[in-house]
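What the coordinates show
Below are the chains, spelled out letter by letter.
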Amino acid sequence: MKRPWLLLFLLYLLYACTGSQETPLPALVAAGGNGEMRFYRARDLQGGSATPVATWTTPGLVDLAYGHAQGRLFLLFPDRVEAYGTQGFTENAAPQPPPAATFPLDPGTDCTGGYLRQGEGRLLVHCPGAGRAFLLGLPDLTDPLEADLTGLPPGVRLALWGQDLLAYLTESALGYRPPANPQGTPRLEKPLGLAGFTPGDLRSDPGRPRLLGAGRTLTEPHLLRLEGDALSIQPLGLPSAPLGLALDPVAGLVAYGLGFRVLEPRDSGAQRTFFAYGAGLVGQDAYLYLAQGSTLEVYDLQQNPFPTFPQASANLGFSPRSLAFLPVE
């Protein structure tokens, strides 16, 4: 049963390492926002075209994530999480099936403004406004576990780390601990020493392994890397503004906000600092997709030197809040 996934992973490495030099990886880019999801051919976006192959009506959609290992598309709404199978998706179709699984949030728990993060065996649902977070078993959102957020401030950003430890980024520290036992082990916490720091995003990178955090001080944003017990902090040279991270473990790492900066596979330096980017995606095809309002910009991460202007720009007709990359047959 594991051999097909091994083959897929080897193909993934090939496409990520060759970028635009090989036949494009058949894939869809899902864009969610304004109560709907639209699916676009990745190769169309790379050519500057943005005609969706499918549109789903998703009132109240908050966030989305794609589980490559499970072949599931996860959607977060203010009152629930839904999981959809993607069997039958092609470059020309993304039919909307009934949800394969649904996790209803407790009455009174509003997850507006929340987000999804995937771990090795669970999906994290963080509802900052309600001060709650849940870990759901993959792929069918089973065995729910509520995280104990004792001691973590309201502005904390969360992710899943290793064997589904709860990773956290606050105004003063980056660390991880068991989700239901704040004083348990294994746990680690590293002070930041950044005055006036505001957390922006937190991602786990199982390929290294490491935790990647992003946030801003009053003067500029920073990238934080926690590998083992070593914490490094890198000023990004971008204007101080809300910051997000786009990561693919093989293809690259990008910080975006007011402008953006490619950090891996090579450093681009600060780019397009007069433009505000609200959603970002590094695809398995080694392309960067950045949403600036309703405009989606596309960059080839393998191009050296990094281009001053996007390879392509397309008007989506709406402003997405989240993006996902779905390889298809």
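Just above sits the structure.
Reference entry: report on the structure contained in this document. Source: prediction; values computed, not measured. (Residues numbered from 1 in each chain as written. Predicted model: local features only at pLDDT ≥ 70, side-chain atom pairs only at ≥ 80, totals over all residues. Heavy atoms only, no water.)

What follows concerns the overall build of the protein chain. When you go through the protein chain residue by residue, the secondary structure sums to two helices and 27 strands. For 329 residues, the compact-globule formula gives about 20 Å, and the C-alpha radius of gyration of the protein chain, at 19 Å, lands near that figure. Projecting the C-alpha coordinates of the protein chain onto the three principal axes gives extents of approximately 50 × 45 × 40 Å. Out of the 329 residues belonging to the protein chain, those deemed buried represent 55%. Total accessible area computed for the protein chain in this model is approximately 13,800 Å², and 52% of it derives from carbon and sulfur atoms. If the 23 positive side-chain charges of the protein chain are averaged to one point and the 29 negative ones to another, these points end up 2 Å apart. (Helix = DSSP H or I, 4+ residues; strand = E, 2+ residues; numbered from the N terminus. Rg over C-alpha atoms; globule rule 2.2 N^0.38 Å. Buried < 20%, exposed > 50% of the residue type's maximum accessible area, 1.4 Å probe, protein only. Areas by Shrake-Rupley, 256 points an atom, 1.4 Å probe, with all protein chains shown as cover. Lys, Arg positive; Asp, Glu negative; His and termini not counted. Charge placed at Lys NZ, Arg CZ, Asp CG, Glu CD.)

Here we have four strands laid out as an open sheet, ordered β12-β13-β14-β15, and antiparallel in their pairing. Every interior strand has two partners, whereas the edge strands, β12 (157-161) and β15 (188-191), have only one. On average, each strand axis in the sheet is tilted by 15° relative to the strand beside it, whichever way the strands run. Here five bridges tie β12 to strand β13 (residues 165-169), and the two strands are oriented antiparallel to one another. Looking at β13, one finds that R157 is bridged to L169. (Pairing = 2+ DSSP bridges. Axes fitted to C-alpha atoms, helices over the stretch in contact; angles between N-to-C directions.)

Looking now at the state of the cysteines. A full pass over the atoms with the stated rule returns one disulfide. Paired by a disulfide, C111 and C127 hold their sulfur atoms 2.1 Å apart. Taking the torsion about the S-S bond as the criterion, the C111 to C127 disulfide, at about -95°, is left-handed. Of the two residues, C111 is situated in the loop between β7 (101-104) and β8 (115-118) and C127 in strand β9 (residues 122-127); the sequence distance between them amounts to 16 residues. The pair C111 / C127 is uniform in exposure class, with both members buried. (Disulfide = S-S within 2.5 Å.)

What follows covers the packing of aromatic side chains. A full pass over the atoms with the stated rule returns eleven aromatic pairs. Where F39 meets F89, the ring centres are 5.9 Å apart and the plane angle is 85°; that geometry is what we call edge-to-face. You can see F39 sitting in strand β2 (residues 36-41) and its partner F89 sitting in the loop between β6 (80-85) and β7, a full 50 residues away along the chain. Of the residues examined, F39 reaches a relative accessible area of 0% and is grouped as buried. Here W56 and F89 contribute two aromatic rings whose centre-to-centre distance is 6.2 Å and whose plane-to-plane angle is 90°, an arrangement assigned as edge-to-face. Residue W56 is found in strand β3 (residues 54-57), and its partner F89 is found in the loop between β6 and β7; the two are separated by 33 residues along the sequence. Note on accessibility: W56 and F89 belong to one class, buried. (Phe/Tyr/Trp six-rings, centres within 6.5 Å; stacked < 30°, edge-to-face > 60°.)

Attention shifts here to the side chain of D285. If you trace the backbone, D285 turns up in the loop between β23 (279-282) and β24 (287-292). Among buried charged residues, D285 stands out as having no salt bridge; its nearest opposite-charge side chain is R43, 10 Å away. Looking at D285, its side chain comes within polar contact range of the side chain of Q46, at 2.9 Å. (Salt bridge = Lys/Arg side-chain N within 4 Å of Asp/Glu carboxyl O. Polar contact = N/O pair within 3.5 Å; in protein donor to acceptor, adjacent residues only side chain to side chain.)

The step from T185 to P186 runs through a cis peptide bond, and the omega angle for that step is 0°. In this structure, P186 sits in the loop between β14 (173-177) and β15. R208 connects to P209 through a cis peptide bond whose omega is -10°. Tracing the backbone through its elements, the reader meets P209 in the loop between β16 (198-205) and β17 (210-216). Positive phi, normally seen in glycine, also occurs at L141, with a value near 60°. Mapped onto the elements of the fold, L141 is located in the loop between β10 (132-137) and β11 (142-146). Backbone geometry places A286, a non-glycine residue, at a positive phi of 65°.

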